[in-house]
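Analysis of the macromolecular model
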Amino acid sequence: MPDSGVVVPDSNAAGADSTLPGPGSGAAGPISGPAGQDAGRNGAQAPASKAGRNLPAALAVGFALGLSLIAILLWAPKVLIGVIAVAIAVATWEVAKRLREADVLVPRIPLLVGGQAIIWLAWPSGPQGVLGAFGATALSVMIWRLFDHGLSATPRNYLRDTAIAIFTLSWIPLLAAFAVLMLLEHDGNLRVLTFMILVVCSDVGGYVAGVLFGKHPMVPHISPKKSWEGFGGSLVFCVIGGLLTVTLLLQANSMIGVLLGVALVLVATSGDLIESQVKRELGIKDMGTLLPGHGGIMDRLDSMLPSAFVAWLVLTALL
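Only a predicted model underlies this, so the values are computations on that prediction, with no experimental measurement involved. (Residues numbered from 1 in each chain as written. Predicted model: local features only at pLDDT ≥ 70, side-chain atom pairs only at ≥ 80, totals over all residues. Heavy atoms only, no water.)

For the rest of this paragraph, the subject is the overall build of the protein. Looking only at helices and strands, the protein features ten helices and two strands. When each of the 319 residues of the protein is scored for burial, the buried share is 52%. Partitioning the contacts of the protein with sequence separation of at least 6, the portion at a separation of at least 24 is 77%. Accessible surface, the protein as shown: approximately 13700 Å² in total, 72% of it carbon and sulfur. (Helix = DSSP H or I, 4+ residues; strand = E, 2+ residues; numbered from the N terminus. Buried < 20%, exposed > 50% of the residue type's maximum accessible area, 1.4 Å probe, protein only. Contact = heavy atoms within 4.5 Å. Areas by Shrake-Rupley, 256 points an atom, 1.4 Å probe, with all protein chains shown as cover.)

In structure tokens:
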């Protein structure tokens, strides 16, 4: 999700994007490169709200995506597997492209092919298929990066690049696979709908409370616009949303909804902060430009991915 979820308006965020280090902050970290040059272009979108995004475009894209996914879940749930596969391929390409712009040479072909294997093998083989595809892809990444400059060349930054590639593999396709595993349950479409609604509740609650009341930054050195007030708004919206969705959609104990709501607020916020830190170290505002008002596909998935795993874990254990 964009960092607008929980916002400290006015002086705490004036003119600063949550993913761009301020002058002299030293927050750029060891990874830098030409990607930083894109930040100014990506940040020039207008009109922008206090949250730093083109709000009309963001709302239009958000509503269109939301309605499309709801329609798929209600009338053709298995189609969502293909949608997830395409989204994961695009998100992986966006991240790999940004990393390569910063001279981090992650092997794109193994990541893309292996990511698809992780998603699609979840359908016939369940967790075993996901684990097997992940292990095979991780090994392929190690071997590919070892020899990608030829047999006579000495690998450069092998350990760094391989570690970041496996981080990318875990961050995107592996976590996304849990949404597929959740979908394959007998009421899987409703479980996925529940987790998606709760992530939206967290985003909307944080945005509203942050814009209206945000004064105290949560983690200013990672995401200057996030406030404790916004986090409180996310918590209230997500707990109420969890209680209602688990009770009405899943016909389960309301306390499971409360637990799920609290868990998803924590992990969705953490997912947002993880991407903020990655973008901060790369010196960029967004991973891509495909979705007006949101950035790239990965900018939309940052909190969804870890939330899919936690939702799968909680609902599998308690339902």
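This part takes up the packing of aromatic side chains. Under the criterion given, the structure shown has six aromatic pairs. Between F178 and F309 the ring centres are 4.9 Å apart and the planes differ by 70°, which places this aromatic pair in the edge-to-face class. You can see F178 sitting in helix α5 (residues 158-183) and its partner F309 sitting in helix α10 (residues 304-318), a full 131 residues away along the chain. Note on F178: relative accessible area 14%, which makes it buried. For F309, a relative accessible area of 29% translates into the label partly exposed. Counting every residue linked through ring pairs, the aromatic cluster contains F178, F309 and W312. (Phe/Tyr/Trp six-rings, centres within 6.5 Å; stacked < 30°, edge-to-face > 60°.)

So, about a nonpolar patch on the surface. A surface patch of nonpolar side chains, amounting to about 980 Å² of accessible area, comprises V200, V204, V208, L212, F213, V236, F237, I240, L243, L244 and L248. Looking at the nonpolar patch, the elements that each hand over two or more residues are α6 (188-213) and α7 (228-248). The biggest single contributor to the nonpolar patch is α7, with six residues. Along the polypeptide, V200 turns up in helix α6. (Patch = residues over 30% accessible without salt bridge, like charges linked within 9 Å, V, L, I, M, F, W, Y side chains within 5 Å. Salt bridge = Lys/Arg side-chain N within 4 Å of Asp/Glu carboxyl O.)

This paragraph deals with the packing of helix α4 (residues 108-147) against α5. Following both chains from N to C, one finds α4 and α5 inclined at 170°, their axes separated by 9 Å at the closest point. Judged by the inter-axis angle, α4 sits roughly antiparallel to α5. When the residues that make up the contact of α4 with α5 are grouped by side-chain class, the tally is 22 nonpolar, six polar and two charged. (Axes fitted to C-alpha atoms, helices over the stretch in contact; angles between N-to-C directions. Parallel < 35°, antiparallel > 145°, perpendicular 65-115°, else oblique. Nonpolar A, V, L, I, M, F, W, Y, C, P; charged D, E, K, R; others polar.)

As for its position among the elements, T137 is in helix α4. By relative accessible area, T137 is classed as buried at 5%. A distance of 2.7 Å separates a polar atom in the side chain of T137 from the backbone oxygen of A133. (Polar contact = N/O pair within 3.5 Å; in protein donor to acceptor, adjacent residues only side chain to side chain.)

The subject of this paragraph is the nonpolar core. Proteins that are soluble and globular tend to have nonpolar side chains buried together. One finds I119, F195 and L264 to be the most contacted residues of the largest nonpolar core, which totals 75 residues. Among the elements that line this core, the one with the most residues is α5, at 16 residues. (Core = buried A, V, L, I, M, F, W, Y, C linked by side-chain atoms within 4.5 Å.)

All right, on to the environment of L291 then. Looking at where L291 falls in the secondary structure, it is placed in the loop between α8 (254-282) and α9 (297-301). Spatially, the C-alpha atom of L291 lies 8.7 Å from that of A57, the residues being 234 residues apart in sequence. Among all residues touching L291, those that are not within four sequence positions of it are V61, L65, G296, I297 and R300.

Opposite charge on two side chains permits them to pair, given that their charged atoms come into close proximity. In total, this model carries eleven salt bridges according to the counting rule given. Linking R145 and D148 is a salt bridge whose minimum nitrogen-to-oxygen distance equals 3.0 Å. Residues K279 and E275 are paired through a salt bridge, measuring 3.6 Å at the closest nitrogen-oxygen approach. On the criterion of helical spacing, the pair formed by K279 and E275 is a turn pair, its members being four residues apart in helix α8. When sorted by exposure, K279 lands in the same class as E275, which is buried.

The subject of this paragraph is α8. Residues spaced three or four apart along an α-helix face the same direction, because each turn holds 3.6 residues. The end-to-end C-alpha distance of α8, which contains 29 residues, comes to 42 Å, matching closely the 42 Å that a straight helix rising 1.5 Å per residue would cover. The opening residue of α8 is N253, an N-cap whose side-chain oxygen sits 2.8 Å from the backbone nitrogen of M255. Looking one or two residues past α8, G283 carries a phi angle of roughly 75°, positive in sign. (Expected span 1.5 Å × (residues − 1).)

Bringing α6 into the picture now. In a regular helix each residue adds 1.5 Å, so 26 residues correspond to 38 Å; α6 covers 37 Å between its end C-alpha atoms and thus fits that length. Among the 26 residues of α6, 19 are classified as buried, and the element is accordingly described as predominantly covered.

This next bit is on unusual backbone geometry. The phi dihedral of N157 falls on the positive side, at around 55°, and the residue is not glycine. Mapped onto the secondary structure, N157 falls in the loop between α4 and α5. For Q251, which is not glycine, the phi torsion reads 55° and is therefore positive. Given the relative accessible area of 64%, Q251 is considered exposed.

Moving on to the environment of I166. Take I166: it is sitting in helix α5. Taking the C-alpha atoms as reference, I166 lies 8.6 Å from L111; in sequence the two are 55 residues apart. If sequence neighbours within four positions are ignored, I166 has contacts with F134, A138, V141 and M142.

Here the focus is the pairing of strand β2 (residues 223-227). Most of β2 sits out of view: five of its five residues are buried. In sequence, strand β1 (residues 217-219) turns back onto β2 through a hairpin of three residues. (Pairing = 2+ DSSP bridges.)

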